[in-house]
Amino acid sequence: MGQRNRVSYFYDEEVGNYHYGYDHFMKPFRIRMAHCIITSYELDKKMTVIRPPRATPLEMSRFHSDDYVRFLQRVTHEVAELVPAYTECFMQTYDCPPFDGVFEFCSISAGGSIASAKRINHGDADICINWAGGLHHAKKASAEGFCNINDIALSILELLRYHQRVLYLDIDVHHGDGVEEAFYTTDRVMTVSFHQFGNFFPGTGDVKDVGVERGKGYAVNVPLMEGIDDESYKGIFQPVMRDVMERFRPGAIVMQCGTDSLSGDRLGCFNLSMKGHAACVEFMKSFGVPLICVGGGGYTIRNVARTWAYETSVLLGEKLDPSLPYNPYLDHYGPEYLLDVPASNMNNLNTPEQLQQLCTEIHENLRHIPHAPSVQMQEVPRDWPDPSDESGEEEEEES
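Remember, it's a predicted structure, so these values are computed and weren't measured experimentally.

Some words on the overall build of the protein
Part 1 of the argument: A count of helices and strands for the protein gives 13 helices and nine strands.
Part 2 of the argument: The C-alpha radius of gyration of the protein comes to 20 Å, within 12% of the 21 Å expected for a compact globule of 399 residues.
Part 3 of the argument: By its C-alpha atoms, the protein is 55 × 55 × 50 Å across when sized along the principal axes.
Part 4 of the argument: Taken across its 399 residues, the protein has 58% of its residues classed as buried.
Part 5 of the argument: A sequence separation of at least 24 residues applies to 80% of the contacts in the protein between residues at least 6 apart.
Part 6 of the argument: For the protein, the distance from the average site of its 34 positive side-chain charges to the average site of its 58 negative ones is 5 Å.

Written out as C-alpha cells, the structure reads:
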C-alpha cells in the first residue's frame, strides 16, 4: 500500500457571509454548505485544516494592476453610482457588482490559493484544497464573469518560484480565459481548458488558440458542445491529459473544479454526474504530482456542495456513505438526502467522430512542443515577506 497523501484544506468560516446580491447567480454560501458536509462526514479529521491569511493588496498586485487593486479596496454601491463611467473601466456591475465586503471576499479567496502554493512549495503538503478559489475569468485590470481577483494566476506565480513548469487544468463549463490570457506567452505554464464553446460566455477557447511567442503550443483548448455525458467526457479527458502530462511533465498542477459542468446547473449545459466530474479529479491525482484543487463556477448550490465534499473524499482516498449525515443545511438536499448528482436524459450533441477529431487535433498540436521544455536553472529567490508576520499566524488545526 502506497504512502498516504498529505492533504491540506483551506477554509475561512467568514466566506459564507458575503453576498453578491439577492438575484445574482454566484452564492459564496455554497462554500459553507460544502464545508458542513465535509465536517459531517468527519473528513476534516483526516487532513490538515488551515484558516489561511488573507491576501494583501501587495500580494494581489503581483498579477493585478495597482490601480485596479486600489479600486477594489475602495469601491462600494454608492461609489459605483456616483462615478459609473469610472467604475465601468474596472467592472461590469451586472456580472460583478460592488457588493459589501467585495475586497475582503477577494482576500479570502486569493489568500487560500496563495497559501496552498506556498505549502506545496515548502513540501508541507502533497494536495491542497481551496474551494473558495477558482475565479478564473478575472483579468489583470478588470473584473469579469463573477470574478474580481484571479486567485489562480496568483497561485501559479507563487508555484513558478520553485517549479520549472506548472500545469493549469480547468473543468468548469466556461473557458478559463483569464488564466490562459495571463500565461499565453510563456512555455513555463501550460493551460488546459475543457469547456462549452459557441454562443456561450466568454466566447473564447477555440481549439486553434494555442498561445503565441514562446507560449505557442502551451495553451490547450477542448471546445465541447452541449449535453456531454460522463462516458464522452472521459473518452476525451483522459487521452488529452495523458498526452499533456507526458509532453509537459509539470512540477505542480492547479486544477479548477468548477461544478457548473454538472447536470442541472442553472447556467451550464453539460450533463456530467457528480461521479463523472470527480473522476477527473481522481485521474489527475493518480499522476502523483503535487496538486492544488480550487473551486470555481457552480450555480445549483446543493449540487456544488455535494460535489466538492465528495471530491474532498476522493482526494483523501476515503469512501463515504451515500446517505448524507445530519448537517445544518440538510433540508437543501431533500427529498432524497443523498450524496449524489445524477445525470439526466439530456441530448448529447457531441458525436464520437467529432470528439475523436478534436482529440487528434490536440495531439498534433502537442506533438510540436518539445518534451519537458528546458528552463535555465537559477537560485530560488527568497520568499515574499509573510503577511502573517504582521497580522498573526495561520490558524492551523491538525488531526
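The discussion continues.
Regarding the pattern of salt bridges
Part 1 of the argument: Applying the stated criterion across every chain, the model contains 17 salt bridges.
Part 2 of the argument: Note that Arg62 and Glu158 form a salt bridge whose closest N and O atoms lie 3.9 Å from each other. Of this pair, Arg62 sits in the loop between helix H2 (57–60) and helix H3 (66–74) while Glu158 sits in helix H7 (residues 151–159); the two residues are 96 residues apart in sequence, bridging distant segments of the chain.
Part 3 of the argument: For Arg62, a relative accessible area of 23% gives the class partly exposed.
Part 4 of the argument: The class of Glu158 is buried, set by a relative accessible area of 3%.
Part 5 of the argument: Among the ionic pairs, Arg367 bridges to Glu364, the shortest N-O distance being 2.8 Å. Of this pair, Arg367 and Glu364 both sit in helix H12 (residues 352–367), three residues apart, which is roughly one turn of that helix.
Part 6 of the argument: Assessed through its relative accessible area of 46%, Arg367 is described here as partly exposed.
Part 7 of the argument: Owing to a relative accessible area of 30%, Glu364 belongs among the partly exposed residues under this scheme.
Part 8 of the argument: Several salt bridges converge on common partners, so that one network encompasses Asp12, Glu13, Glu14, Arg51 and Arg54.

Looking at unusual backbone geometry
Part 1 of the argument: Here the amide bond leading from Phe201 into Pro202 is cis, since omega sits at -5°, within 30 degrees of zero.
Part 2 of the argument: With an omega of 5°, the peptide bond between Gly334 and Pro335 qualifies as cis.
Part 3 of the argument: Looking at where Pro335 falls in the secondary structure, it is placed in the loop between helix H11 (301–316) and H12.
Part 4 of the argument: Non-glycine residue Phe146 carries a positive phi angle of around 75°.
Part 5 of the argument: With respect to the element layout, Phe146 can be found in the loop between strand S3 (127–130) and H7.
Part 6 of the argument: Judged by its relative accessible area of 9%, Phe146 falls in the buried class.

Section: a nonpolar patch on the surface
Part 1 of the argument: On the surface, Leu82, Val83 and Tyr86 cluster together into a nonpolar patch covering about 320 Å² of accessible area.
Part 2 of the argument: The residue Leu82 is located in helix H4 (residues 77–82) in this model.

Re the pairing of strand S6 (residues 219–224)
Part 1 of the argument: With six of its six residues buried, S6 lies for the most part within the structure.
Part 2 of the argument: As paired elements, strand S5 (residues 189–196) and S6 share six bridges and run parallel to each other. Within S6, the position partnered with Phe194 by the bridge is Val222.

Definitions and limits used
- Residues take numbers from 1 onward in each chain, read along the sequence in its written order.
- Local features in a predicted model are, by the rule used here, given only for residues with pLDDT of at least 70; side-chain atom pairs are given and counted only at 80 or more, and totals for whole chains, interfaces and linings are based on all residues.
- Note that the side-chain values use all heavy atoms of the structure and ignore hydrogens as well as water.
- Numbering of helices and strands runs from the N terminus, with a helix taken as a DSSP run of H or I at least four residues long and a strand as a DSSP run of E at least two residues long.
- Our radius of gyration is a C-alpha quantity, and the globule rule it is checked against amounts to 2.2 Å times the number of residues to the power 0.38.
- Relative accessibility thresholds used throughout: buried, under 20% of the residue-type maximum; exposed, over 50%; partly exposed, between the two (1.4 Å probe, protein chains only).
- The criterion used for residue contact is that any of the two residues' heavy atoms lie within 4.5 Å.
- This count recognises Lys and Arg as positive and Asp and Glu as negative, with His and chain-terminal groups excluded.
- Lysine's charge is taken at NZ, arginine's at CZ, aspartate's at CG and glutamate's at CD.
- By definition, a salt bridge exists where a carboxyl oxygen of Asp or Glu is found within 4 Å of a side-chain nitrogen of Lys or Arg.
- Patches here: salt-bridge-free residues with over 30% relative accessible area, like charges joined within 9 Å, nonpolar side chains (Val, Leu, Ile, Met, Phe, Trp, Tyr) joined within 5 Å.
- All accessible areas in this document rest on Shrake-Rupley with a 1.4 Å probe, and a residue is counted as covered only by the protein chains that are shown.
- Any two strands with at least two DSSP-identified bridges between them are counted as paired.

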